[in-house]
Structures are given as C-alpha cells and as structure tokens.
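Commentary on secondary and tertiary structure
One-letter residues, chain by chain:
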Amino acid sequence: MEVAPALSTTQCDVAFQKVEASEIDRSSYLGPDYNGDELMQLISNYYNIEVLIEYLQGHPEYRSVTLQFPDDLIKDSSLIIRSLQSRFADETVKFWILADTAYSACCVDEVAAEHVQADLVVHFGDACLNAIQNLPVVYSFGTPFLNTPLVVENFQRAFPDLSSKICLMANAPFSKHLSQLYSILARDLHYTNIIYSQINTSLAGDGLVTILDTFHVPEDVSQVGEFGNSSTLFGQHDKAESVLPEEYHLFHLTTPQDPRLLYLSTTFQSIHIFDPALSGLVTGPFPSLMKRYKYMHVARTAGCIGILVNTLSLRNTRETINGLAKLIKTREKKHYLFVVGKPNVAKLANFEDIDIWCILGCSQSGIIVDQFNEFYKPIITPYELNLALSEEVTWTGKWIVDFKDAIDEIEQNMGGGDAASASTTTDEPEFDVVKGRYTNLSRPLRALTHLELETADDSKQLTTRHTASGAIIKGTVSTSASALQNRSWKGLGSDFEFTEVDETGADIEEGISGVARGYGFDRKDAINKDDK
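Only a predicted model underlies this, so the values are computations on that prediction, with no experimental measurement involved. (Residues numbered from 1 in each chain as written. Predicted model: local features only at pLDDT ≥ 70, side-chain atom pairs only at ≥ 80, totals over all residues. Heavy atoms only, no water.)

1. Brief notes about the nonpolar core
Our working rule: Grouping buried Ala, Val, Leu, Ile, Met, Phe, Trp, Tyr and Cys residues that are joined through side-chain atoms within 4.5 Å yields what is termed a nonpolar core. Working definition: with a 1.4 Å probe on protein chains only, accessible area under 20% of the residue-type maximum means buried, over 50% means exposed, and in between means partly exposed. Residue ranges for the domains trace back to a domain assignment, done automatically or taken from a database.
In terms of nonpolar packing, the biggest core is built from 29 residues, with Ile305, Leu324, Ile356, Cys358, Leu360, Ile380 and Leu385 touching the most fellow members. Residue contributions to this core reach at least three from each of two domains, namely domain 1 (6-140) and domain 3 (289-414). Counting residues in hydrophobic clusters, the runner-up holds 28 residues, among them Leu30, Leu39, Ile81 and Leu120.

2. Focus on the side chain of Asn310
What counts is decided by this rule: In this description a helix means any DSSP run of H or I spanning at least four residues, a strand means any run of E spanning at least two, and both kinds are numbered starting from the N terminus. Whenever a nitrogen or oxygen atom comes within 3.5 Å of another N or O atom, the pair is scored as a polar contact, on the condition that within protein one atom can donate a hydrogen and the other can accept it, and that pairs from neighbouring residues in sequence are kept only if both atoms are in side chains. Two residues form a contact once any of their heavy atoms are found within 4.5 Å.
Within the element layout of this structure, Asn310 appears in the loop between strand 13 (304-309) and helix 10 (317-330). By relative accessible area, which is 4% here, Asn310 ends up buried. Looking at Asn310, its side chain comes within polar contact range of the main-chain nitrogen of Lys342, at 3.5 Å. When sequence neighbours within four positions are dropped, the list of residues in contact with Asn310 reads Tyr103, Ser104, Val340, Gly341, Lys342, Pro343, Ile359, Leu360, Gly361 and Gly366.

3. Notes on the packing of aromatic side chains
Spelled out, the test is: In summary, the pairing rule links any two rings of Phe, Tyr or Trp, Trp by its six-membered ring, whose centres are within 6.5 Å, and it sorts them by plane angle into stacked for under 30 degrees, edge-to-face for over 60 and tilted for everything else.
Tallied over the entire structure, the rule returns 19 aromatic pairs. Ring plane angle 25° and centroid distance 6.3 Å describe the contact between Tyr55 and Tyr62, whose orientation is recorded as stacked. Neither Tyr55 nor Tyr62 differs from the other in exposure class; each is buried. With a centroid separation of 6.0 Å and an interplanar angle of 25°, the aromatic rings of Tyr139 and Phe141 are classed as stacked. Classification of Tyr139 by relative accessible area gives buried; the value is 3%. For Phe141, a relative accessible area of 0% puts it in the buried group. A connected cluster of aromatic rings, assembled from ring pairs, spans Tyr29, Tyr46, Tyr47, Phe69 and Phe124.

4. Some remarks on the pairing of strand 4 (residues 137-140)
A regular strand places its side chains on the two faces of the sheet in alternate fashion. Selection rule: Two strands pair if DSSP finds at least two bridges between them.
By the alternation rule, side chains of strand 4 split into Val137 and Tyr139 and Val138 and Ser140, which are all buried. Relative to strand 4, strand 3 (residues 120-124) runs parallel, the two being bridged by 4 bridges. Residue pairing in the sheet places Val122 in a bridge with Val138 of strand 4. Note that strand 4 and strand 7 (residues 209-211) share 3 bridges and pair parallel. Looking at strand 7, one finds that Val138 is bridged to Thr210.

5. Here's the deal with the packing of helix 3 (residues 49-58) against helix 4 (residues 77-87)
Test applied: Only the stretch in contact is used when fitting a helix axis, every axis being a line fitted to C-alpha atoms; angles between N-to-C directions are given from 0 to 180 degrees. For classification purposes, angles smaller than 35 degrees are called roughly parallel, those larger than 145 roughly antiparallel, those between 65 and 115 roughly perpendicular, and all remaining angles oblique. Helix crossings get a hand from a simple test, with the near helix turned counterclockwise from the far one by less than a right angle marking a left-handed crossing and a clockwise turn marking a right-handed one. Residues are grouped as follows: nonpolar covers Ala, Val, Leu, Ile, Met, Phe, Trp, Tyr, Cys and Pro; charged covers Asp, Glu, Lys and Arg; every other residue, Gly included, is treated as polar.
Close contact between helix 3 and helix 4 brings their axes to 11 Å; oriented N to C, the two are set at 40°. As the angle between them shows, helix 3 and helix 4 are arranged oblique. Crossing angle aside, the handedness with which helix 3 passes helix 4 is right-handed. Along the contact surface, helix 3 presents Ile49, Glu50, Leu52 and Ile53, while helix 4 presents Ile80, Ser83, Leu84 and Arg87. Among the residues forming the contact of helix 3 with helix 4, the class breakdown is 5 nonpolar, 1 polar and 2 charged.

Remember, this is a structural readout, not a statement about activity or role.
Written out as structure tokens, the structure reads:
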C-alpha cells in the first residue's frame, strides 16, 4: 500500500540544497558588448544616478526616499542603493527598496511608500505617468540599447511607400530613440508623412513630478498634437492642423501590455510592433474589441457586480468608485467592492456569486484583458459598464480607460437614470442576448410586490420567502442565497449529508509546536547534534 508523502520536512542539508548564484545578464538593455568591469559606471549612466544625487542634494527636505523597481530591473537595486548610500553616508537620508509592489509595475506604489512614511518615490524603468494622489515622485526611465539599423530595415520592409502616414511610438525608456529614428527616416530616407510620440515633459510642472531623463527634439520639428495624457506628438511644422491618429499607421518599439495594445488598436489604422528582444515585426493578432461588446451584454443582465480596485494610488479612483456604486444602485443591481493587488484567476475564483467584474486599474497594464478566457467571469472597465447600464446599449467602437473621462460618461448617464428605472415594469424579465433566454435576476434590488411564502410544518411560522428569482432577504432578492441553493457542494460536511459515517470520529493527536523558523523537533535535533 502506498503511503501519502509528508507535508513537512526536517530542515537539513539533504532536503534544502544551496543553489549557486548564476551570472546576471544585462545585455538586453545595456547592450551585447557591455563590460562587466565597468558595471557600476554603466548602471550610473543608464539610470542618471548623478542627476538623481544632485536632485536629492538640492531637496534636503526628503529624508526618507523609496526606490521602486519592476521585476526585471530589481537586480540593479543593490548597486544603485550602494551608490546612493555612499554619497549620503554623513547625512540622515534613509533609502528603501520597493521590490514586490502591490499594483502594476508601471504605477507609483504610493501605498507601499506610505508604510515607511516616505517623503519621495523614485520610480525606475517604464512608467505610465498617470497622475497620483499627493506623494512626490521622480522618474528615471533609463536609456536602453537599440540596434537602430535593424529597426530601420524592418521599418522599410513594413512601409515601402514613402508617403504613408506613420506614427512612431515606444514605451518610456525607448522613447529616447524616437527622435533619432525620426531624423533618419524623414531626412535620409525621405519619408514625408511621419510623426513620433514623445513623453510629455510638461507633466513635471505640477510640483509633484520630476523627470530625470532628457528628450532631444530636432530643430525642424514642432509639436503637432497630443496623444493621451502623457504623450506629445511631434512632426514637421506644416502637419500641425492635419494630424488625426485614426489616419495613421502605428510603428511601435517594444510590445505594449494588452490594455495599452487594445487601446492603440482602436485608435490607429494598423499596428506594426518591433520588439528589440525578439528582433522581428509583429502585426497581430491583437486583443479583440468585439469581445468587449459581448461582455457589455453580460453586464446588462448581471445581478451582482464586483467592483475590482487594482490601484489606490491613481487620482480620481475614489470618485470613480462612488460614481459606479451610485449607477449600479440606480439600476437596481447589487455590487461588492474588492481591493486586490495583482488579481489573478485563483483570487477572483473565490467569489462565485459575482456575475461580472468591473476593474479599476492603470490603463497601461492594470486592466485585465482576458484573451484566452482564463477567468471564470468576464472583466470589463468602468466605461464599458456605463454603456451596458444605459437605457439603450449603443456601441461606440471606442475604448476609454481614463478615470476622468469615465466619470464624465457616468454623470451623463445618471442624468436619465431615474427615468430609465421608472420606465421598467417591476416583474418584467430581461432578455439575455448572450444566453438567448429571459432572466429575472438582472435587478435583485427592485421593489418586490409579489411573494410566495412557505410555512413550516406546524403552519404557524414562516421560514423562507421565495420568488421566481430565488430567496428573499430583507425585501430584496439574495443572489448569494440563490447561488448557494444551486450548488452541489455547500460547505464542509455537505459531502456526507446522505452518507453513513462513524460518529465517533478520529483520535486526536498532538501536532507540531513552535514557529516556522524553528519547530520543536528542529530544536531537539539541534540540541542532540550539539551533544554528540
């Protein structure tokens, strides 16, 4: 007979073997020919450490400084903090490393920084530049290596027509190369309709944002428009009145995150992606906007909506939550609020009663775009939920992810909210176009006028209230109770409801005592070993 394996092991050299540290590869952003002997200098140049030191020396009020790194750059944190500590050894400046951030890596983790009462956050690597609440932040994007001739070669292969309207774009670190790439394509190769996107450095004017990196702008170009809240479009002077992104093809350096990619696909004619890590062009497939239209209809007939907050640092988060809650209540639906850092399938699967999730997160990487149907319930954005809960569903073909724009859309929808609710008959079912049937669970908070009451065996006490929709608690339909009634597994012990079991139970045995760093038997083993 096979014996089940032990769930715990003794901490000895046999069970826990030491893993030899391997050499860290930084060639992807420092270049294939970087010299390890000059690593400290290369890292300093890459992140503009000297500029950062001058900034900190010029702001002595910042005594507690947090350094935030994404996962792929955390290997550089020890080198950077060693360099900073050596320059501020005689001063009372404390440095903290934010490695495992609570939310998306591109967002400033203001909540984690407040745990150490930080005065300033220094964010390294790619960033979304979304407005945060009130904590000052310094951005250091870095200057990654780029094989420019290879990029130009792929660009010419993708756009042989010199008169094509093309927009150059990249993530924050690679944006430094766009002005040079623009000059080569426009001047040397004579492309006549090219514009490029650049980081909007005017964001640093609000007093809370500082950008260490500098972006060169050629003399023969000027600003011709804006793209989003954090990007500025540059091109030739005569293009200022003719730039419409929907008329341009997009050539993007690096692969955007799925939310960003979906947004770009709704804005430009076509997308060509050149990822330096892959050294090849990608033209699709990209996240589908039509799936969002399906999810809108799911939200329209959903009875219980989960508001999933993926960030607490972005500005207007609280206002968006309040607006969504008011809109959902007006449409006589239930909602629950969840704050989850880095949501995944396992976390969200714990809440079976939720019919659909509405996520509030960063537009670059904080919104979940479920391309492969991994999540058990659909996930939509506040803008899509607002469209779904309108009196009539109107598909605009847009994908708005900015919180402020979503709030404006919700307020416009709420203008006719009372009239929309009053025009709906109380007991009228709603047709679910996804499942192809009528449902009575779409409005569990509606006013209930017809109840069927069941009595107990003695015919004197009412035990449960029921309608066609399910159980009633305090005058409203309980979607949770209805879901629990339909479950085959209703909790511990329900598996043995119709099974004969030995009621005497099992023998009680003494378990392991102590804490993980030293259980009782571990300490005894150590004492016996010392005695020998």
